[in-house]
Amino acid sequence: MKRAKRRVYLKSEEELQTMRRANQLVASTLRLLRDAVQPGITTAELDRIAEENIRDHGGVPSFKGYHGFPASACISVNDQVVHGIPGPRRLREGDIVSIDLGAIVDGFHGDSAITVPVGTISAEARALLYHTYRALWEGIAQAVVGNRVGDISHAIQRYAEAQGYSVVRELVGHGIGRNMHEEPQVPNFGPPGRGPALMPGMTLAIEPMVNLGRPEVEVAPDQWTVSTQDGKVSAHFEHTIAVTLDGPMVLSEWPDQEEPI
Ligand code: MG
Ligand code: MG
C-alpha cells in the first residue's frame, strides 16, 4: 500500500511507546488468528475475530473504510499476494493464508502481517513461508542509523532471489505513525546505499511480498485483491520497526513468535 504524505515524521520516545501498544495489539490479534486458522473456517470468520479483538482492547481497525476497504483484515489465500477481501471462502488443507492487520491506539497505527499454513502444506510452500520470514529479518537487520532505506530493500531482494524466488515491485513498505502510510516508501528491491538516510525515531513497516514464481501481479475486478499473474503462491510477512541508536526496535514482535518451519 502506498499513498503517503511527503515528509518523514520522527517519533519521540513517548510516541514510540504508544506505537508499541498499537503494534502489540496487532501482534496479539495475529496470534489469535493464527491459532484460529484451520480447514473449513471462512476468511470472513477470521476477519470478525480480528475486529472484535481489536475493539475489545480499545483499538480501531486501521483498514476498515480505508479508501473504502470493507473489512478489518486483508486476507489473501495462495496466489493472492495482499489486499484480499474477507468473505465466504473456506480455507482448505494445504492452503497458505496471508493475514495483514492494522490497528489504531491513541492516534497511532500498528501494522503487521503473517502467512500461515492451513493444515499440512507442500514442502515448496513451507520453504516459501520460511524464507519470506527470513527475508523480513534480513531487511530489519539493515534498519540501523548510518544506513539508507535502500539497504533494507536490497537485503530483502538479495536474500529472496538467492532462494530462487522473486519480490513484488508494485507494492512496497512504508513509514507509519499517525498515518498508516507515511514517507518514506520501503521497496523490497533496489540497490544498496540509496534512498533516505535512516534516523533515530523513524518508524517503518517493512513487508516483503515474495512469490514462488515470477514477480508480476495483477489486481482483481474487486479493485483490491492482488494476485500473482502466473498463479503461483505468494507469501507476506510484515513488522513495524523503529530505528533507534540501539538498533532496530521491532514494535510488532511477539514475545514467542517462532519461525515458520
Ligand atoms: Mg500491513
Ligand atoms: Mg503495511
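Residues numbered from 1 in each chain as written. Chains lettered and ligands numbered in written order. Predicted model: local features only at pLDDT ≥ 70, side-chain atom pairs only at ≥ 80, totals over all residues. Heavy atoms only, no water.

(A) Up close: helix α4 (residues 149–162). Across its 14 residues, α4 extends 20 Å between first and last C-alpha, which sits within 8% of the 20 Å expected from 1.5 Å per residue. Burial runs high along α4: 10 of the 14 residues are buried. Residues of α4 that are buried make contact with α3 (123–141), β6 (166–167), β8 (182–186), β9 (203–206) and β10 (209–211). Of the residues trailing α4, G164 is marked for its positive phi of about 95°. (Helix = DSSP H or I, 4+ residues; strand = E, 2+ residues; numbered from the N terminus. Expected span 1.5 Å × (residues − 1). Buried < 20%, exposed > 50% of the residue type's maximum accessible area, 1.4 Å probe, protein only. Contact = heavy atoms within 4.5 Å.)

(B) How the structure looks around the pairing of strand β5 (residues 108–117). In terms of burial, β5 is largely enclosed, as 9 of its 10 residues are buried. Alignment of strand β4 (residues 96–105) against β5, held across 10 bridges, turns out to be antiparallel. The residue of β5 that forms the bridge with V105 is F108. In sequence, β4 turns back onto β5 through a hairpin of 2 residues, with D106 there showing a positive phi of about 50°. (Pairing = 2+ DSSP bridges.)

(C) Structural detail: the coordination of the magnesium ion (ligand 2). In the first shell of the magnesium ion (ligand 2), the protein supplies D111 (OD), H174 (NE2), E207 (OE) and E238 (OE), at 2.1 to 2.3 Å from the metal. Written as a sequence motif, the donor arrangement for the magnesium ion (ligand 2) is D-x62-H-x32-E-x30-E. A separation of 3.1 Å is found between the magnesium ion (ligand 2) and the magnesium ion (ligand 1), which are bridged by D111. Residue D111 is found in strand β5, and its partner E207 is found in the loop between β9 and β10; the two are separated by 96 residues along the sequence. (Donors = N, O, S within 2.8 Å, 3.2 Å for Na, K, Ca; no water.)

(D) Region of interest: the side chain of S252. Topologically, S252 is positioned in the segment after β15 (247–250). Its relative accessible area of 0% is what places S252 among the buried residues. For S252, the side chain forms a polar contact with the side chain of H239, separated by 2.6 Å. There is a polar contact of 3.0 Å between the side chain of S252 and the backbone nitrogen of T240. For S252, the contacting residues outside a window of four places in its chain are N23, Q24, A27, D111, S112, E238, H239 and T240. (Polar contact = N/O pair within 3.5 Å; in protein donor to acceptor, adjacent residues only side chain to side chain.)

(E) Highlighting the packing of aromatic side chains. Here the structure, examined in full by the defined rule, presents 3 aromatic pairs. Relative to W224, the ring of F69 has its centre 5.0 Å away and its plane inclined at 80°; by these criteria the two rings are edge-to-face. Pair noted here: F69 is in the loop between β1 (60–61) and β2 (73–77) and W224 is in the loop between β11 (217–219) and β12 (226–228), with a separation of 155 residues, a long-range link. Note on F69: relative accessible area 2%, which makes it buried. (Phe/Tyr/Trp six-rings, centres within 6.5 Å; stacked < 30°, edge-to-face > 60°.)

(F) Quick peek at the sheet that holds strand β13 (residues 234–236). Taken in spatial order, the 3 strands of this open sheet run β6-β10-β13, and their pairing is antiparallel. In this open sheet, the two edge strands, each paired with only one partner strand, are β6 and β13. When β6 meets β10, the two strands line up antiparallel, connected through 2 bridges. Paired with V167 across the bridge in β10 is V210. Relative to β13, α3 is tilted by about 35°, and along the sheet it contacts β10 and β13. (Axes fitted to C-alpha atoms, helices over the stretch in contact; angles between N-to-C directions.)

(G) Highlighting the sheet that holds β11. The strand order across the open sheet formed by 3 strands is β3-β12-β11, and the pairing between neighbours is antiparallel. The two strands at the open ends of the sheet, each matched to only one other strand, are β3 (80–82) and β11. Averaged over all pairs of adjacent strands, the angle between their axes in this sheet comes to 40°, without regard to strand direction.

(H) Structural view of the pattern of salt bridges. Summed over all chains, the structure comprises 8 salt bridges. The partner of D106 in a salt bridge is R21, with the nearest N and O atoms 2.8 Å apart. Linking D106 in the loop between β4 and β5 with R21 in helix α1 (residues 13–36), this pair joins segments that are 85 residues apart in sequence. In this structure D106 comes out as exposed when scored by relative accessible area, which is 55%. Given the relative accessible area of 45%, R21 is considered partly exposed. The shortest N-O distance in the salt bridge between R34 and D35 comes to 3.0 Å. For R34, a relative accessible area of 23% corresponds to the partly exposed category. (Salt bridge = Lys/Arg side-chain N within 4 Å of Asp/Glu carboxyl O.)

Geometric values such as these leave the question of function open.
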